Amino acid sequence: MKLGRHILLVGEGNFSFSASLSDVSTQETCITATCFESEEVITQQACARENVQHLRENGAQIYFQVDCTKLKEFFATAKNRFDQIVFNFPHCGKKAGVRKNRELLEKFFRSCAEVLTDDGEVHVSLCTGQGGTPADHPIREWHNSWQVTAMAARSGLILSNVKPFKADLYSEYKCTGYRSQEKPFHFEDALIHIFTRSLPLESSEPTDVAGKLVNRDVPFLMPDVLLDKISRNILDINHHPVRTFNEQLITAISSAFPLQKVALSNTRIESDKFKSALSWRTSVSDSSLFWISVAKEGSVCLEQAKNEMDRGLSAAAFHYSDVVCEICSSGDPAFISDQNCSKADFCMRPTLTVCVQGLCQRPDFVPEKIYVLSGPVFRRCLISPWTMPVFHETLFLCGLRKETGGLFVELFMDAIAASIKSITDSLFKETKDHQDEQEINYSPQLISFSQQSKKGDYSIYLQSRGLESGENEGVCVGVITTVPLGELSCDYEILLAMLNLDALVIQILGVPDWRMLWTYDGRFITQFLHGKFKPFCNFSMHPPSYVHDISFWVKGGEQFDEVEFHNLVRRVSKECVTDIQLLDRFQHLETGMVSLCYRLTYQSCDKALSDVQASTMQLQLRQELQMFLQVIVR
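A.B. asks: I'd like a rundown of the overall build of the protein, residues and numbers included.
C.D. replies: Tallying secondary structure elements over the protein gives 15 helices and 23 strands in all. A total of 634 residues make up the protein; the buried ones form 53% of that total. At a minimum sequence separation of 6, the contacts of the protein that also span at least 24 residues come to 71%. Total accessible area computed for the protein in this model is approximately 29,800 Å², and 49% of it derives from carbon and sulfur atoms.

Encoded structure:
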């Protein structure tokens, strides 16, 4: 057990655990031991009187008749906040079933939250199988367990670690109290569940975001699923693993090929005259675009945003053209100007290839020179563990002579594979040399290229035995393609290599969920301080999940936009739905209406999500489905 500064033990029986703990504690550790019974009753147990005397001699504080579900009543002052609260083998007594013991845990966790320090820990020891988590062996069915993670989530606590309960570390410990008898629990293979506070589930309502459009300020309504991500600037955050990996990757490739970094603000397109076979829609469909709306002069939206910018309260600190591109009637991106901005449709940048034409038009553009640029891109997508509405992309671009292009492509693919391998090999070696206390499931990666067409298009796959990607070839982390250079030259073509940095980092570090890359919890970023690139250590283990079904009618003749449905679920659930499955679909013969039934799985990767919160989100979803998608909820 990691000893804290001020430890509270509750539910002590004969105080043998407290006495043993005091013997192995440092002088800086302050122990407060409590029990539910009176001193007269407790001291009748064997060795209890001696243990109490021993604790007092060691400077520990002893309290009797303390209800662990009402700790604030006994420790109300601010100085009585505890770094650790320990409850070994909680039990209601007698033949209490799992339901009553769940209620005990729920009330205990709620009580702990009132007297625990901000970075404190709650340690709960349970017999094998009781917790109901995958750490138990054997695992009980969820309904037959104490559902310890779900009970803790109701008080904003997450399971951050699970360790074996090693009774031999506490030589004087004599476990008693099984069903209110002087009979020990069977604590072979018992587990210590360590809980910590999580960040609260905060609401993110749609707001007007102000940005710069060329030389004037223009407000626009940001897609609500991007509100908490648009101004994060992860590639500028020190120690973030996405930034670290990107820098290491570029450095490694530059050892084989000279590279020139290009800032996104320098890649804007100067005109729409440049037409070629080069399409910014590489691997991107129209249905995946995030469309945005620009407010008109005189609107409330515009005036409010201008006032916010005047007061320095703009919700987003970015340049408009860094994240937004204009789609002209021809389907190509064009320079955003005062003359055409009122007629154009705007979307969030779906890929960095929107910058390619502008870069190739620059007077200082040199064919056969490799340019690299990085930034966030935005795509509407279905909810799954491996698809992301926003991720970071690095684009390598080079003009090649057609007669030698094929050989260069092969050499560049070798450089990408070698660079990723060098990063992962270094990571794996350091991991073996410096093993953390928590076991880390990590293995070297294997990168492969799958040719998609005879034209030389390749998909880049990364395999990792540490994660279950669900695909034999691994997870697609990038694309390599060549396209004609167009009007600039008939002798050259352009090599484009696009890498999904987020997918690479998730695979290499063993991050279980892409949403973790966007967490505000400091326990994520502190793992990678000083540019360390190491396997991820999860601080929210086995989070509880809740399943809800929803059925609705789609009016006859109307096409149902499933991507829009997933986007609505993302917003309402605050990114807390991890999976959506279509369970049933049928069409009414008389009305022609189509009935759809979906199953939603609610789960948060970094915050405490309770069953009550999930149910509230489900009710809100039912209301907003009817409002925004014009369906009839059944």
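A.B. asks: Requested: an account of the sheet that holds strand E7 (residues 191-197), with residues and values cited.
C.D. replies: The mixed open sheet is built from 7 strands, whose spatial order is E3-E2-E1-E4-E5-E7-E6. In this open sheet, the two strands that pair with only one neighbour each are strand E3 (61-63) and strand E6 (157-164). In this sheet, adjacent strand axes meet at a mean angle of 20 degrees when their direction is disregarded. The pairing of strand E5 (residues 116-126) with E7 spans 6 bridges and is classified as antiparallel. Each residue of the ladder has a partner; that of Glu121, found in E7, is Thr196.

A.B. asks: How would you sum up the nonpolar core? Please name residues and give values.
C.D. replies: Among the nonpolar cores identified, the biggest contains 143 residues, and Phe108, Phe109, Phe245, Met348, Phe412, Phe552 and Leu625 are the most heavily contacted of them. Take this core: its biggest share by element is 10 residues, from helix H11 (residues 405-433). Counting 24 residues, the second-largest nonpolar core is a separate cluster that includes Phe17, Ile31, Val52 and Phe165.

A.B. asks: Quick one: what's the story with empty space enclosed by the protein, residue by residue and with numbers?
C.D. replies: As enumerated under the stated definition, the model contains 2 cavities of 30 Å³ or more in all. What lines the second largest cavity is a set of 13 residues, and nearest its centre among them are Leu157, Ile158, Leu159, Pro543 and Pro544. Secondary-structure elements contributing two or more residues to the lining of the second largest cavity are helix H6 (148-153) and E6. Grouping the amino acids of the lining of the second largest cavity by side-chain chemistry returns 9 nonpolar, 3 polar and 1 charged.

A.B. asks: Could you give an account of the packing of helix H14 (residues 562-573) against helix H15 (residues 611-628), with specific residues and numbers?
C.D. replies: Viewed as axis vectors pointing N to C, H14 and H15 meet at an angle of 140 degrees, and their least axial separation amounts to 10 Å. Between H14 and H15, the angle falls in the class oblique. Between H14 and H15 lies a crossing whose hand is right-handed. Residues Phe565, Leu568, Val569, Arg571, Val572 and Ser573 of H14 form the contact with H15, whose own contacting residues are Met617, Gln620, Leu621, Glu624, Leu625 and Phe628. Its residues assigned to classes, the contact of H14 with H15 shows 8 nonpolar, 2 polar and 2 charged.

A.B. asks: Any details on helix H12 (residues 501-509)? Residues and values, ideally.
C.D. replies: Within H12, 9 of the 9 residues are buried, which leaves it mostly tucked inside the rest of the structure. Looking at H12, one finds that the buried residues are Leu501, Asp502, Ala503, Leu504, Val505, Ile506, Gln507, Ile508 and Leu509. Measuring from the backbone nitrogen of Asp502 back to the side-chain oxygen at the start of H12 gives 3.1 Å, which picks out Asn500 as the cap. Of the residues flanking the end of H12, it is Gly510, one or two places downstream, whose phi is positive at about 75 degrees.

A.B. asks: Describe helix H5 (residues 98-115), naming the residues involved and giving the relevant values.
C.D. replies: Spanning 18 residues, H5 covers 26 Å between terminal C-alpha atoms, matching the ideal 26 Å at 1.5 Å per step. Considered for burial, the residues of H5 that qualify are Asn101, Arg102, Leu104, Leu105, Glu106, Phe108, Phe109, Ser111, Cys112 and Val115.

A.B. asks: Tell me about the sheet that holds strand E17 (residues 458-463), residues and numbers included.
C.D. replies: One key point about sheets: their strands pair by backbone hydrogen bonds, in either a parallel or an antiparallel sense. If you walk across this open sheet you meet the 7 strands as E10-E14-E15-E19-E18-E17-E16, and the pairing is mixed. The two strands at the open ends of the sheet, each matched to only one other strand, are strand E10 (259-261) and strand E16 (446-451). Sheet twist, expressed as the average angle between the axes of neighbouring strands with direction ignored, equals 25 degrees. Relative to E17, E16 runs antiparallel, the two sharing 6 bridges. Bridging from a neighbouring strand, Leu446 pairs with Gln463 of E17.

Rules used throughout
Residues numbered from 1 in each chain as written. Predicted model: local features only at pLDDT ≥ 70, side-chain atom pairs only at ≥ 80, totals over all residues. Heavy atoms only, no water. Helix = DSSP H or I, 4+ residues; strand = E, 2+ residues; numbered from the N terminus. Buried < 20%, exposed > 50% of the residue type's maximum accessible area, 1.4 Å probe, protein only. Contact = heavy atoms within 4.5 Å. Areas by Shrake-Rupley, 256 points an atom, 1.4 Å probe, with all protein chains shown as cover. Pairing = 2+ DSSP bridges. Axes fitted to C-alpha atoms, helices over the stretch in contact; angles between N-to-C directions. Core = buried A, V, L, I, M, F, W, Y, C linked by side-chain atoms within 4.5 Å. 1 Å grid on protein atoms, 1.4 Å probe; cavity = no way out; pocket = protein on both sides within 12 Å on 5 of 7 lines; lining within 4 Å. Points joined across faces, edges and corners; volume = space filled by probe spheres on them. Nonpolar A, V, L, I, M, F, W, Y, C, P; charged D, E, K, R; others polar. Parallel < 35°, antiparallel > 145°, perpendicular 65-115°, else oblique. Left-handed = near helix turned anticlockwise from the far one by under 90°. Polar contact = N/O pair within 3.5 Å; in protein donor to acceptor, adjacent residues only side chain to side chain. Expected span 1.5 Å × (residues − 1).

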